[in-house]
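# Summary of the model geometry
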Amino acid sequence: MSLFWYLSVSFVLFFCGIAVMIARKNIIAILLGIELILNAAALNFAAYTRFLNQNLDGHIMSLFIIIIAAAEAAVGLAIVIRFYQIRESIHIDDATQLQH
Amino acid sequence: MALNYLANIGRFIPELLACVTMLGLILIEATYGERDKDKKILSAASDLGLVMVLGSLIVQFNDTPTAIFSNAVVIDPFSTFMKIIMTLGTLGAVYLNGQSRDVHQGVKAEYNILALGVLVGAMLLASANNMLILYIGIEILSILSYVMASLNKIDDRSSEAGLKYVLYGGVSAGIMLFGISHIFGVLGTIQFTGMGALLQSLSDSQVAIIIPSFLLFFAGIGYKIACVPFHMWSPDVYEGSPLPVTTFFAIVPKLAGMALIVRISFVFFSHDGLLSQSWLGLLVIVSALTMTVGNVSALKQKSIKRMLAYSSISHAGFMLAGAVVVDSVGVRAIAFYGVTYLFMTLAAFYIVSFVQDKYGNDHFERFNGLMYRYPLMAVLMCLVMFSLAGVPPLAGFVAKFNILSALIGHGNYTLAIVAGLNSVVSLYYYLKIVRLMVFKDAESNEKIEGFGFVNQGIIAALSLPILVLGIFWNQIFQVVDKAVLFIQ
């Protein structure tokens, strides 16, 4: 396995994430797309550290990405729950109060 | 080693104080619970903490620049100066939170806690010296901001604002990280120190990877300061959030992002070369677009809050134009712009907030005939509006003039002309408020409770620097001049 394959997987993850965010209208699905993008970045960091340089910077970055992604998902889901309780919908097209 | 860390912590006191204050506030809030008297203790504690942070920052201002914690964080006068501005902004927003009726009574304490947390993130961002600290800073800033935006839990506009903030924020953070990961892959380090030299020695194929990576990286920061391709969230979030939160968003995250952009332009791109030219070209285009789109969209707004949101976008464009000039003149112009922007924004939002508390909305008509009911407030609002538009004897003019002269000194005439034209456009919507206040009859003669004696005094005190800095700008320049030191 060379670096190329790892990077290809991460590119695929990244574009899947972008595609999910553009195509899906469900807010939970959009949050999942964000997770895909973050994981693509984490994978990149780990792969670059493994193949190109041996210091631990990249590994530490990937660990922090995982932790912070969890925090972000927690806050994001809490807000989505709040939105659902008020609107009874998790469809992004229902978030139209603020457009003039 | 241990001693070294202790010495490092000595330089990190402001951030630690902010953290301790935040934790203390959480404890007080948790122990006192529902009783009414805790509100006073809480606001006193947060004010005390912020004043202490401010004091330690001022003490630190004249220190020599150092990098601490294994080069992760750099404490230099520029970052300290930006931190002072941001702390002042937080202090103003926290006071407004105490007065405003837009934030529900039950969550006022939480506002203070979250604001301190965001301040910590903003401080980290202003003094970040590697990609990890940058990312952690941006995420502390963003994640807590999401909560702040949806602070009024039962208000559907507020939770929608939070929702939009989460979605845009998460996406842009992810895209930024993807960019950073490729920058790391090419350069092999996340430290800022020495990165500028490394960028010089890249082969052509490496440059081909790193230019799109920097584009992705810019998306993340651009989102934080709401510059144009990434500004769509900003008017919605600003309008949906409670007004004290909007005040806070307009100042702290924006200036933190600006400090970061200045540092990145300096550390990475102060050498001449293809990369620097493309980065600066990007900044020129983005700043021109940001100014224009912000101003043109502000023209047709009905809500003053939304108008101020668009105007803060265009001010971010102006500050970005200062970052195009990568030398001490540009940094000085940005630092001065930050100071004036702080006072103008705070004063404008204070007045709008008290009017909105009275009438329940902030449409332009609510300001009709304010001149005949609260002459002092109307005059100060006129002052702020003229200053935001950049009319001569006021601070906003000096700030804009500095940016323009830095641009012209740098030979960037096109951007300077765009900036000048934008000031003219912005006059239209700022003066619309002035016209309504002076030439329209008052809708009613009811008292606005918010404009008590103390609050009027505070608004006057906030507007005073606008006048003073406009005339005696030389004095503040001597302070700002010290702030342009950097560790390369």
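Whatever comes next refers back to the structure up there.
The structure reproduced in this document is the subject of the present report. The numbering scheme is per chain: residues are counted from 1 as the chain's sequence reads. Following the order in which they are written, the chains are lettered starting with A and the ligands numbered starting with 1. Owing to the predicted nature of the model, reporting of local features is limited to residues with pLDDT of at least 70; listing and counting of side-chain atom pairs is limited to 80 or more, with chain, interface and lining totals taken over all residues. Note: side-chain values were computed over all heavy atoms of the structure, leaving out hydrogens and water.

### What about the overall build of chain A?
What counts here: The helix count covers DSSP runs of H or I at least four residues long, the strand count covers runs of E at least two residues long, and both are numbered beginning at the N terminus. This radius of gyration counts C-alpha atoms alone. The globule rule is 2.2 Å times how many residues there are, raised to the power 0.38. Partly exposed residues are those whose accessible area sits between 20% and 50% of the maximum for their type, while under 20% is buried and over 50% is exposed, using a 1.4 Å probe and protein chains only. The criterion used for residue contact is that any of the two residues' heavy atoms lie within 4.5 Å. For the area figures, the Shrake-Rupley method with a 1.4 Å probe applies, and any residue is considered shielded solely by the protein chains shown. His residues and chain termini do not enter the charge count, which takes Lys and Arg as positive and Asp and Glu as negative. By convention, charge coordinates are those of NZ in Lys, CZ in Arg, CG in Asp, or CD in Glu.
Helix and strand counts for chain A stand at three helices and zero strands. Helices (α) and strands (β) of chain A occur, in sequence order from the N terminus, as α-α-α. Computed over its C-alpha atoms, the radius of gyration of chain A comes to 17 Å, more than 25% above the 13 Å expected for a compact globule of 100 residues. In terms of its C-alpha atoms, chain A occupies a principal-axis envelope of roughly 50 × 25 × 25 Å. The burial tally for chain A puts 38% of its 100 residues in the buried class. Considering only contacts within chain A whose residues lie at least 6 apart along the sequence, 55% involve residues at least 24 apart. Accessible surface, chain A: about 5,400 Å² in total, of which carbon and sulfur atoms supply 69%. Across chain A, the centroid of the 5 positively charged side chains sits 3 Å from that of the 6 negatively charged ones.

### Re the overall build of chain B
Counting its secondary structure elements, chain B contains 20 helices and two strands. In terms of overall dimensions, chain B is globule-like: its C-alpha atoms have a radius of gyration of 22 Å, near the 23 Å expected for 488 residues. Looking at chain B as a whole, 64% of its 488 residues are labelled buried. Taking the intrachain contacts of chain B between residues at least 6 apart in sequence as the baseline, contacts between residues at least 24 apart amount to 80%. Of the accessible surface of chain B, which amounts to about 16,500 Å², a share of 67% is contributed by carbon and sulfur atoms. If you average the places of the 28 positive and of the 27 negative side-chain charges in chain B, the two averages end up 4 Å apart.

### So, the interface of chain B and chain A
Formally: In short, buried area is how much 1.4 Å probe accessible area vanishes from two parts on joining, totalled over both. Salt bridge, as applied in this entry: a Lys or Arg side-chain nitrogen positioned within 4 Å of an Asp or Glu carboxyl oxygen. Polar contacts, as used here, are pairs of N or O atoms within 3.5 Å; protein pairs need one atom able to donate a hydrogen and one able to accept it. Residues neighboring in sequence count only if both atoms are side-chain atoms. Residues are grouped as follows: Ala, Val, Leu, Ile, Met, Phe, Trp, Tyr, Cys and Pro are nonpolar; Asp, Glu, Lys and Arg are charged; all remaining types, including Gly, are polar.
Between chain B and chain A, the contact holds 41 residues from the first and 45 residues from the second. Roughly 3,700 Å² is buried in total at the junction of chain B and chain A, and carbon and sulfur atoms are behind 75% of that figure. Viewed at the interface, chain A and chain B are joined by two salt bridges. A salt bridge links arginine 87 of chain A to glutamate 160 of chain B, with the shortest nitrogen-to-oxygen separation between them at 3.6 Å. Summed over the shared surface of chain B and chain A, the number is six residue pairs in polar contact (both at pLDDT 80 or more). For the side of chain B that touches chain A, the secondary structure elements donating two or more residues are α6 (131–149), α7 (156–187) and α10 (233–240) of chain B. When residues of the side of chain B that touches chain A are assigned to their parent elements, the largest contribution, 22 residues, is made by α7 of chain B. When the residues that make up the side of chain B that touches chain A are grouped by side-chain class, the tally is 19 nonpolar, twelve polar and ten charged.

### Considering the side chain of serine 79 of chain B
All names here are of chain B. By secondary structure assignment, the location of serine 79 is in helix α4 (residues 77–99). A polar contact is formed between the side chain of serine 79 and the backbone oxygen of aspartate 76, at a distance of 2.9 Å. Dropping the residues within four chain positions of it, serine 79 is found in contact with Val74, Ala126, Ser127 and Arg263.

### Observations concerning the nonpolar core
Residues and elements named next belong to chain B. Here is the rule: We define the nonpolar core as a collection of buried residues of types Ala, Val, Leu, Ile, Met, Phe, Trp, Tyr and Cys that are connected through side-chain atoms lying within 4.5 Å of one another.
If you look at the biggest cluster of nonpolar residues, it comprises 216 residues, and the most contacted ones within it are Met131, Leu134, Phe217, Phe268 and Phe367. It is helix α14 (residues 328–359) that contributes the most residues to this core, 20 residues altogether. Not counting chain neighbours up to four residues away, the residues in contact with leucine 134 comprise Leu125, Ala128, Met176, Phe192, Phe217, Leu260 and Ile264.

### Overview of the environment of valine 326 of chain B
Within the secondary structure, valine 326 of chain B is located in the loop between α13 (304–324) and α14. Beyond its immediate stretch of four places on either side in the chain, valine 326 of chain B contacts Ser265, Phe266, Ser270 and Leu280 of chain B.

### Some words on α6 of chain B
Residues and elements named next belong to chain B. Stated formally: Here the expected span of a helix is defined as 1.5 Å times the quantity of residues minus one.
A rise of 1.5 Å per residue sets the reference length of α6, with its 19 residues, at 27 Å; its end C-alpha atoms lie 26 Å apart and thus fit the reference within 8%. For α6, the buried fraction is high: 17 of the 19 residues fall into the buried class. Among the residues of α6, the N-terminal cap falls to asparagine 130, whose side-chain oxygen and the backbone nitrogen of leucine 132 are separated by 3.0 Å.

### Looking at the packing of α14 of chain B against helix α19 (residues 453–471) of chain B
A packed helix pair is summarised by two numbers, namely the angle formed by the two axes and the spacing between the axes. All names here are of chain B. Inclusion rule: Axis definition: a line fitted to C-alpha atoms, limited for helices to the stretch in contact. Angles are taken between N-to-C directions and run from 0 to 180 degrees. Should an angle fall under 35 degrees it is called roughly parallel, over 145 degrees roughly antiparallel, and 65 to 115 degrees roughly perpendicular, with every other angle called oblique. The crossing is said to be left-handed when, going from far helix to near helix, the turn is anticlockwise and less than a right angle, and right-handed when the turn is clockwise.
Running from N to C, α14 and α19 cross one another at 150°; their axes reach a closest spacing of 9 Å. Judged by the angle between their axes, α14 and α19 are roughly antiparallel. Every pair of crossing elements has a handedness; the one defined by α14 and α19 is left-handed. Where α14 approaches α19, its residues Phe336, Val339, Thr340, Phe343, Met344, Leu346, Ala347, Tyr350, Ile351 and Phe354 are matched on the opposing element by Asn455, Ile458, Ile459, Leu462, Ser463, Pro465, Ile466 and Leu469. A per-class count over the contact of α14 with α19 returns 15 nonpolar, three polar and no charged.

### Let's talk about the pattern of salt bridges
Tallying each qualifying case throughout the model produces ten salt bridges over all chains. The closest approach of N and O atoms between aspartate 236 of chain B and lysine 164 of chain B, which form a salt bridge, is 3.0 Å. On the criterion of sequence distance, the pair formed by aspartate 236 of chain B in helix α10 and lysine 164 of chain B in helix α7 is long-range, its members being 72 residues apart. You'll find aspartate 236 of chain B and lysine 164 of chain B in the same group, each marked buried. When salt bridges that share partners are traced, they join Arg87 of chain A together with Asp156, Arg157, Glu160, Lys164, Asp236, Glu239 and Arg306 of chain B into one network.

### Comments concerning the packing of aromatic side chains
Inclusion rule: For Phe, Tyr and Trp, where Trp contributes only its six-membered ring, two rings pair if their centres lie within 6.5 Å, and the inter-plane angle classes them as stacked under 30 degrees, edge-to-face over 60, or tilted in between. Whether a charge sits over a ring comes down to the Lys NZ or Arg CZ being within 6 Å of the ring centre and within 35 degrees of the ring normal.
Overall, the coordinates contain 29 aromatic pairs over all chains when judged by the stated rule. Each ring, one from phenylalanine 192 of chain B and one from phenylalanine 268 of chain B, has its centre 5.1 Å from the other, and the planes form 80°; the classification is edge-to-face. Here the residue phenylalanine 192 of chain B occupies a position in the loop between α7 and α8 (195–200), and phenylalanine 268 of chain B occupies one in helix α11 (residues 243–269), the gap between them amounting to 76 residues. Here phenylalanine 192 of chain B matches phenylalanine 268 of chain B in class, with each residue buried. Taken together through their ring pairs, the aromatic side chains of Phe192, Phe214, Phe217, Phe218, Phe230, Phe268, Phe269 and Trp279 of chain B make up a single cluster. One Lys or Arg, arginine 50 of chain A, reaches over the ring of phenylalanine 51 of chain A and ends 5.0 Å from the middle of that ring.

### So, the side chain of threonine 80 of chain B
If you trace the backbone, threonine 80 of chain B turns up in helix α4. Judged by relative accessible area, threonine 80 of chain B falls into the buried class, the value being 0%.

### Quick look at the packing of helix α9 (residues 204–225) of chain B against helix α12 (residues 274–298) of chain B
All names here are of chain B. One can describe the packing of α9 onto α12 by two numbers: an axis separation of 11 Å at closest approach and a directional angle of 30°. Between α9 and α12, the interaxial angle falls into the category roughly parallel. As α9 packs across α12, the resulting crossing turns out to be right-handed. When α9 is examined against α12, the residues Val207, Ile210, Ile211, Phe214, Leu215 and Phe218 are found in contact with a partner set consisting of Leu274, Leu275, Ser278, Trp279, Leu282, Leu283 and Val286. Residues that form the contact of α9 with α12 fall into these classes: twelve nonpolar, one polar and no charged.

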